[in-house]
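Topology and contacts: notes
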Amino acid sequence: MFKSFRIGSLFGIPIKLDVSFLLILPVFAWLIGSQIELLVGPLNAVLGAGLESGSLTAGYRPWVLGLLAAIGLFVGVVLHELGHSLVAIRYGYPIDSITLWIFGGLAQLTDQPEDWKHELLIAIAGPIVSVLVGIGSYLLMLVVPTQFDGAVFVLAYLALLNVALAGFNMLPAFPMDGGRVLRALLARGRPFAQATQIAAEVGKLFALAMGLFGLLQLNVILIGIAFFIYIGASGEAQQTVLSAAFEGVTVSDIMTAGDDVDVVSPDDSIADLLERMFSERHTGYPVMDDGRLVGLVTLTDAREVDPVERDAYVVEDVMSTDLETIGPDAEAMDALNRMQRHGIGRLLVVEGGDLVGLISRTDLMTALDIIRSSGSTEAAKRAADDREPDRSPPGDGRPERGWE
Ligand SMILES: [Zn+2]
């Protein structure tokens, strides 16, 4: 996604606008404004709006009405997301923010609910709010005097579109709302990860069908939505499989424990450091001073020193002190997420300022393999205890034996 900025907050939840939203708002205003004549028929037929297209399309009126309807539509989207959010908060899942972007709204849950009843209620709350907004718009339309035909048009349009939006969101295309409802129902009788995989497969099929239809209709928005459903379904399925596998596994279960981690002192010369790197085949070391972790030095840091000056410079001069650390009690899945977010291959495991271990992406993937093949997390913990000390460097994301 692009850059987003905050426009305010509702019930303590920050509401953000993505830059892509500012592009789509005028497009929607134009689309609605240019289709007023087409819309009047269905609005009269379905809602008895009693509209005349002649006066609505006079002068610049279509564009004003288009803009108002587009803004109303996005207010409806915010309310829809707020529906999800308030139910989520009620069940103890914090919401980071609600973001409006090119394909509507997104309520960011910090944690995915794994209780099927919670997920069902959170997922269904959005479409319910949309239906209520639709009904509210319809009732308002009924009380607005008919001479204000512009207001009647906008309200009738919002009545129809909010109900349509609810219907569209209820398609069983995971990760859309209907797909989440499907997963929740599937998760009643089977493990959560398995339910997610089935729902994601159904979601991907829907995405392909939607994309194909969008292609035939040359409908760019539909193609875009199909694309994001596909990506979203794949990504969430993968994430769920990982977190199900790592359920109950902590960093300390699979890390290389402190005693086995090789360290250097800040006073070591760069020449000595490089010699150790070559003989021990590490490309990075935690730097310890009097038993305290003070930094991390990598081969790249050491190579910045000119060869003729490598006796004059010490580790302290080139080490980085901005360290990515994690606690031993943190969940293994958190460690993996942190590494992915920062694009690094290792995290220093620190407790109360002391280095207690080192966890690498390789440690996590090895543990995952063992859990998958043995079906038990105990086997992964045992394997981590028996393992040879990790001969690879912390933090720099290099392959383990990068310079053989
Ligand atoms: Zn929704």
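All figures in this text were calculated on a predicted structure; none of them were measured in a lab. Starting afresh in each chain, residues are numbered from 1 along the sequence in its written order. Side-chain atom pairs in this predicted model are given and counted only at pLDDT of 80 or more, local residue features only at pLDDT of at least 70, and totals for whole chains, interfaces and linings cover all residues. Heavy atoms from the whole structure form the basis of all side-chain values; hydrogens and water molecules are not counted.

Working definition: with a 1.4 Å probe on protein chains only, accessible area under 20% of the residue-type maximum means buried, over 50% means exposed, and in between means partly exposed. Runs of E in the DSSP output that reach at least two residues are strands. Runs of H or I that reach at least four are helices, and both are numbered from the N terminus. Taken as a whole, helix α11 (residues 270–280) has its buried residues at I270, L273, L274 and M277. Axial view of α11: buried residues confined to an arc of 95 degrees, hence all on one face. Those residues of α11 that are exposed and aimed more than 90 degrees away from the buried face are E275 and S279. In this fold, the buried residues of α11 make contact with β6 (284–289), β7 (292–298), α12 (299–303) and α13 (315–318). Trailing α11 by a residue or two, R281 shows a phi angle of about 60 degrees, which is positive. The arc in question is traced by the directions running from the helix axis to the C-beta atoms. The contact criterion used is simple: two residues touch if any of their non-hydrogen atoms lie within 4.5 Å.

Sheet architecture is open: four strands sit in the order β5-β10-β9-β8, paired in mixed fashion. Strand pairing shows two members of the sheet lacking a second neighbour, β5 (256–257) and β8 (325–326), which therefore form its edges. Strand pairing is defined by DSSP finding a minimum of two bridges between the two strands. The sheet contact formed by β5 and strand β10 (residues 354–360) spans two bridges and is antiparallel. Pairing of A257 across the sheet is with G357, part of β10. Every angle, taken between N-to-C directions, lies between 0 and 180 degrees, and every axis is a line fitted to C-alpha atoms, over only the stretch in contact when it is a helix. Contacts from helix α15 (residues 361–374) reach β5, β9 (346–351) and β10 within the one sheet, and its direction differs from that of β10 by about 60 degrees.

In the contact formed by helix α2 (residues 36–47) and helix α6 (residues 149–169), the axes pass within 10 Å of each other and the chain directions differ by 70 degrees. Relative to α6, the element α2 lies roughly perpendicular. Residue-level contacts link I36, L39, L43, V46 and L47 of α2 to F153, A156, Y157, A159 and L160 of α6. All residues other than Ala, Val, Leu, Ile, Met, Phe, Trp, Tyr, Cys, Pro, Asp, Glu, Lys and Arg, Gly among them, are scored as polar; the first ten of these are nonpolar and the last four charged. Of the residues that constitute the contact of α2 with α6, the class distribution is ten nonpolar, no polar and no charged. Roughly parallel means an angle under 35 degrees; roughly antiparallel means over 145; roughly perpendicular covers 65 to 115; every other angle is labelled oblique.

What follows concerns the coordination of the zinc ion. Of the protein atoms, only H80 (NE2), H84 (NE2), D177 (OD) and D177 (OD) coordinate the zinc ion, at distances of 2.0 to 2.6 Å. Any N, O or S atom lying within 2.8 Å of the metal counts as a donor, with the limit raised to 3.2 Å for Na, K and Ca; because water is left out of the atom set, some sites can appear incomplete. Irregular is the default label, applied whenever a site is not tetrahedral (four donors, all angles between 85 and 135 degrees) and neither square planar nor octahedral (four or six donors, opposite donors over 155 degrees apart, all other angles between 65 and 115). Each of the four donor atoms bound to the zinc ion contributes to angles spanning 55 to 151 degrees, and the resulting shape is irregular. Between consecutive donor residues of the zinc ion, the sequence gaps follow H-x3-H-x92-D. Note that H80 is positioned in helix α4 (residues 61–90) and D177 in helix α7 (residues 177–186), a separation of 97 residues in sequence.

Quick look at helix α8 (residues 192–217) now. A helix is expected to span 1.5 Å for every residue after the first. If you check α8, its first and last C-alpha atoms are 36 Å apart, about what 26 residues at 1.5 Å a residue would give, namely 38 Å. When we look at burial in α8, the residues that qualify are F192, A193, A195, T196, A199, A200, G203, K204, A207, M210, G211 and G214. On its buried face, α8 is in contact with α5 (116–143), α6, α7 and α9 (220–245). Positive phi shows up at L218, right after α8, with a value of about 55 degrees.

Here we come to the pairing of β9. With five of six residues buried, β9 is to be regarded as a mostly interior element. One ladder, built from two bridges, connects β8 with β9; its direction is parallel. Among the inter-strand pairings, T325 is bridged to a residue of β9, identified as L348. In this view, the connection linking β8 to its parallel neighbour β9 by way of helix α14 (residues 332–342) has right-handed handedness. Between β9 and β10, which pair antiparallel in sequence order, lie two residues; one of them, G352, sits at a positive phi of approximately 55 degrees. Look down the strands so they point away from you; if going from the first strand over the helix to the second traces a clockwise path, that crossover is right-handed.

Turning our attention to the confidence of the model for the protein chain. Per-residue pLDDT for the protein chain has a mean of 83; in total, 91% of the residues score no lower than 70. Across the protein chain, the element-wise mean pLDDT spans from 68 in helix α16 (residues 377–386) up to 95 in α5. Across the chain, each position has a pLDDT score giving the predictor's confidence in that residue, from 0 to 100. Note on residues 389–404: pLDDT under 50 across the span, and 47 contacts to partners over four residues away in sequence or across chains.

Under the pairing criterion, centres of Phe, Tyr and Trp rings, with the six-membered ring standing for Trp, must be within 6.5 Å; the plane angle then separates stacked pairs below 30 degrees from edge-to-face pairs above 60, leaving the rest tilted. With the rule as written, the count across this model stands at four aromatic pairs. With 4.5 Å between their ring centres and 85 degrees between their planes, F21 and F74 make a pair best called edge-to-face. With F21 in helix α1 (residues 19–34) and F74 in helix α4, this pair connects stretches of sequence that are 53 residues apart. With respect to burial, F21 and F74 carry one shared label: buried. Considering the side-chain rings of F153 and Y157, the 6.2 Å spacing of their centres and the 25 degrees angle between planes classify their relative orientation as stacked. Separated by four residues within a single helix, F153 and Y157 lie in helix α6, roughly one turn from each other. With respect to class, F153 is no different from Y157; both count as buried. Within the aromatic cluster, the residues linked to one another by ring pairs are F21, F28 and F74. Only when the NZ atom of a Lys or the CZ atom of an Arg is both within 6 Å of the ring centre and within 35 degrees of the ring normal do we say a charge sits over the ring. Over the aromatic face of W116 sits the side chain of R188, whose NZ or CZ is 5.7 Å from the ring centroid. In this structure, K204 is placed above the aromatic ring of Y230, and the distance from its NZ or CZ to the ring centre is 5.7 Å.

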